[in-house]
Amino acid sequence: DYVRNIYTNTISQFDNFSFINEEQTTFPGDVSAIQLEYEFSAGDTKIHTFTVFTKDNDSFYLFIYYANSESFSNYFSEFKKIIDTVEFVPKKESSD
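Caption draft 1: The arrangement of the overall build of the protein chain in detail. Of the regular secondary structure elements, the protein chain holds two helices and four strands. Put simply, the protein chain runs from its N terminus to its C terminus through helices and strands in the order α-β-β-β-β-α. Residues counted as buried form 31% of the 96 residues belonging to the protein chain. Within the protein chain, residue pairs in contact and separated by at least 24 positions form 29% of the contacts whose partners lie at least 6 positions apart. Surface summary for the protein chain: the accessible area is close to 6,700 Å², and the carbon and sulfur share equals 46%.

Quick look at the structure:
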């Protein structure tokens, strides 16, 4: 449902939206996530976007990297390295 909401109410509303790819992935600890890659226009500029989102402990997390299409690859590998370090830890129980 979250994926459908992101797609329907957010990214598909962009001008000249072009879907590139969707993949299932996991974060460490076997936390499933979805990766979306797409392009859209902002004025005369074509924006390339890579989004990773997941739900853990009843919270949603969204990680987005975007740049104009010509320079997207300049820092994309750095973004992927950061994503590869994300780890979700169990929620601590309150000692009330």
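Caption draft 2: The packing of aromatic side chains, seen in detail. In total, this model carries twelve aromatic pairs according to the counting rule given. Look at Tyr-61 and Phe-88: their rings are 4.9 Å apart centre to centre, the planes differ by 55 degrees, and that puts the pair in the tilted class. Taken together, the residues span a long stretch of sequence, with Tyr-61 in strand 4 (residues 59-68) and Phe-88 in the segment after helix 2 (72-85) at a distance of 27 residues. Judged by its relative accessible area of 15%, Phe-88 falls in the buried class. An aromatic cluster is present here, built from Phe-50, Tyr-65, Phe-72, Phe-76 and Phe-79 joined pairwise through their rings.

Caption draft 3: Structural detail: a nonpolar patch on the surface. Taken together, the side chains of Leu-62, Ile-64 and Tyr-66 define a hydrophobic patch exposed on the protein surface, amounting to about 310 Å² of accessible area. The topology assignment puts Tyr-66 in strand 4. A relative accessible area of 56% means that Tyr-66 is categorised as exposed.

Caption draft 4: Structural detail: the nonpolar core. Grouped together as the largest cluster of nonpolar side chains are 13 residues, with contacts concentrated most on Phe-27, Phe-50, Tyr-65, Phe-72, Phe-76 and Phe-79. Elements with a contribution of two residues or more to this core: strand 2 (31-42), strand 3 (45-56), strand 4 and helix 2. When residues in this core are grouped by element, the largest group, four residues, is from helix 2. Not counting chain neighbours up to four residues away, the residues in contact with Phe-76 comprise Phe-50 and Tyr-65. With six residues, the next largest nonpolar core counts Ile-34, Leu-36, Tyr-38 and Phe-40 among its residues.

Caption draft 5: The arrangement of the pattern of salt bridges in detail. Summed over the entire model, instances satisfying the criterion amount to one salt bridge. Across the pair Glu-78 and Lys-81 runs a salt bridge, and its minimum N-O distance is 3.5 Å. Of this pair, Glu-78 and Lys-81 both sit in helix 2, three residues apart, which is roughly one turn of the helix. By relative accessible area, which is 39% here, Glu-78 ends up partly exposed.

Rules of the game
Residues numbered from 1 in each chain as written. Predicted model: local features only at pLDDT ≥ 70, side-chain atom pairs only at ≥ 80, totals over all residues. Heavy atoms only, no water. Helix = DSSP H or I, 4+ residues; strand = E, 2+ residues; numbered from the N terminus. Buried < 20%, exposed > 50% of the residue type's maximum accessible area, 1.4 Å probe, protein only. Contact = heavy atoms within 4.5 Å. Areas by Shrake-Rupley, 256 points an atom, 1.4 Å probe, with all protein chains shown as cover. Phe/Tyr/Trp six-rings, centres within 6.5 Å; stacked < 30°, edge-to-face > 60°. Patch = residues over 30% accessible without salt bridge, like charges linked within 9 Å, V, L, I, M, F, W, Y side chains within 5 Å. Salt bridge = Lys/Arg side-chain N within 4 Å of Asp/Glu carboxyl O. Core = buried A, V, L, I, M, F, W, Y, C linked by side-chain atoms within 4.5 Å.

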